[in-house]
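Spelled out, the chains give:
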Amino acid sequence: MESDYKIIKQRKWLAMLVFILAVSLMIGCTSKQPSINVSTAKIEEQIKQSVNLDKLKKGDESKLKKLYGLDSEQVEEFILYTAKSNVMADEIVVIKVTDVKQVESVKSNITKRIDAQSVKFKDYRPNEYALLEKHVVKVKEPYILFAVSTEIDQIERAFDEALK
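In this text the structure is predicted, and so the values were computed from the model without any measurement. Numbering of residues starts from 1 in each chain and follows the order in which that chain's sequence is written. Reporting in this predicted model follows two pLDDT cut-offs: at least 70 for local features of residues, and 80 or more for side-chain atom pairs to be given and counted; totals over whole chains, interfaces and linings ignore these cut-offs and use all residues. With hydrogens and water excluded, all non-hydrogen atoms of the structure serve as input to the side-chain values.

This part is about the overall build of the protein. In this description a helix means any DSSP run of H or I spanning at least four residues, a strand means any run of E spanning at least two, and both kinds are numbered starting from the N terminus. When you go through the protein residue by residue, the secondary structure sums to 6 helices and 5 strands. In the protein, the order of α-helices and β-strands from amino to carboxyl end is α-α-β-α-β-β-α-α-β-β-α. Exposure classes here rest on a 1.4 Å probe applied to the protein chains alone. A residue is buried below 20% of its type maximum, exposed above 50%, and partly exposed in between. Here the protein, with 164 residues, has 37% of them falling under the buried criterion. Any two residues having at least one pair of non-hydrogen atoms within 4.5 Å are treated as being in contact. Here the contacts in the protein between residues at least 6 apart in sequence split such that 60% fall between residues at least 24 apart. Computed with the Shrake-Rupley method and a 1.4 Å probe, the accessible areas treat only the protein chains shown as cover for residues. Carbon together with sulfur atoms contributes 54% to the accessible area of the protein, which is approximately 10,500 Å² in total.

Right under this line is the structure:
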């Protein structure tokens with residue numbers, strides 16, 4: 001009788017251990033949720049306080065799609081500023097992805113944009129090419145910053161400040 005009690009007790013402990021292990025695995029496998037949740041409008045305001053954006057024009061969803069191949073399935077919010085003239089390399093984009101799993105894909109699209117701009121400016125506009133070469137791509141999940149500007153340090157600092 002006492003040995004039956006020990007077996008039952010051991011099975012309870014084993015079941016409890018299996019349950020704890022299963023719960024631990026489930027918690028460990030859940031997707032990481034970003035701890036930062038700031039509107040891109042706030043980031044935009046922070047950037048506007050740091051640099052003058054008058055030489056740039058604000059882009060919309062169709063421009064984002066055209067330049068980066070991104071749509072509303074990947075992008076929750078964004079701000080986009082491009083040069084008013086296509087002979088200038090200046091560009092600022094902040095993208096908040098809908099899912100942090102899409103960060104690498106979006107970065108890949110940004111790299112394609114950088115490559116296309118490099119080809120365009122390399123021989124034609126060497127000064128703009130040099131500016132493009134000093135670009136910044138920065139990720140603070142779920143946000144991605146891509147900027148080409150003579151004021152790159154101020155833009156990057158404003159981005160960081162807005163996401164504190």
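Let us now look at the sheet that holds strand S4 (residues 136–140). Strand order in the open sheet formed by 5 strands is S1-S2-S3-S5-S4, with antiparallel pairing between adjacent strands. Among the strands making up the open sheet, the edge pair consists of strand S1 (56–58) and S4. Strand after strand, the sheet turns through a mean of 15° between neighbouring axes, direction not considered. Inspection of the sheet shows S1 paired to strand S2 (residues 75–83) by 3 bridges, in the antiparallel sense. Bridge pairing links Lys57 to Thr82 in S2. Every axis corresponds to a line fitted to the C-alpha atoms, with the helix fit spanning only the stretch in contact, and the corresponding angles, defined between N-to-C directions, vary from 0 to 180 degrees. The sheet strands contacting helix H2 (residues 40–50) are S1, S2, strand S3 (91–97) and strand S5 (143–148), and the helix crosses S2 at an angle near 25°. Strands are labelled as partners when DSSP assigns at least two bridges between them.

Before going further, it helps to examine the pairing of S3. Across the 7 residues that make up S3, a large majority, 7, are buried. Of the two faces of S3, the one lined by Glu91, Val93, Ile95 and Val97 and the one lined by Ile92, Val94 and Lys96 are each fully buried. Note: S3 against S5, 6 bridges, orientation antiparallel. Of the residues in S5, the one forming a bridge with Val94 is Leu145.

A word on the environment of Ser85. Its place among the elements puts Ser85 in the loop between S2 and S3. Residue classification places Ser85 among the partly exposed residues on the basis of a relative accessible area of 31%. In this structure, the C-alpha to C-alpha distance between Ser85 and Lys57, residues 28 residues apart in sequence, is 9.3 Å.

A packed helix pair is summarised by two numbers, namely the angle formed by the two axes and the spacing between the axes. As a packed pair, H2 and helix H6 (residues 152–162) sit with axes 8 Å apart at the nearest point and diverge in direction by 140°. The angle between H2 and H6 falls in the class oblique. Where H2 crosses over H6, the handedness of that crossing is right-handed. For the pair H2 and H6, the contacting residues are Lys42, Ile43, Gln46, Ile47 and Ser50 in the first and Gln154, Ile155, Ala158, Phe159, Glu161 and Ala162 in the second. Counted by class, the contact of H2 with H6 contains 6 nonpolar, 3 polar and 2 charged residues. Between 65 and 115 degrees an angle is taken as roughly perpendicular, under 35 as roughly parallel, over 145 as roughly antiparallel, and anywhere else as oblique. Handedness of a crossing follows from how the near helix is turned relative to the far one, being left-handed for an anticlockwise turn of less than a right angle and right-handed for a clockwise one. Under the grouping applied here, Gly and all other residues not named as nonpolar or charged are polar, the nonpolar ones being Ala, Val, Leu, Ile, Met, Phe, Trp, Tyr, Cys and Pro and the charged ones Asp, Glu, Lys and Arg.

This paragraph deals with the nonpolar core. Formed by 21 residues in total, the largest nonpolar core has its most connected members in Leu64, Tyr68 and Ile95. For this core, the elements supplying multiple residues, two or more each, are helix H3 (61–68), S2, S3, helix H4 (103–121), helix H5 (126–133) and S5. The dominant element in this core, judged by the number of residues it contributes, is H4, at 5 residues. Setting aside its immediate chain neighbours within four residues, Leu64 contacts Gly69, Leu70, Val75, Phe78, Leu80, Val93 and Ile95. In this structure, Val38, Ile43, Val136 and Leu163 belong to the second largest nonpolar core, which totals 20 residues. By nonpolar core we mean a set of buried residues, namely Ala, Val, Leu, Ile, Met, Phe, Trp, Tyr and Cys, connected to one another through side-chain atoms within 4.5 Å.

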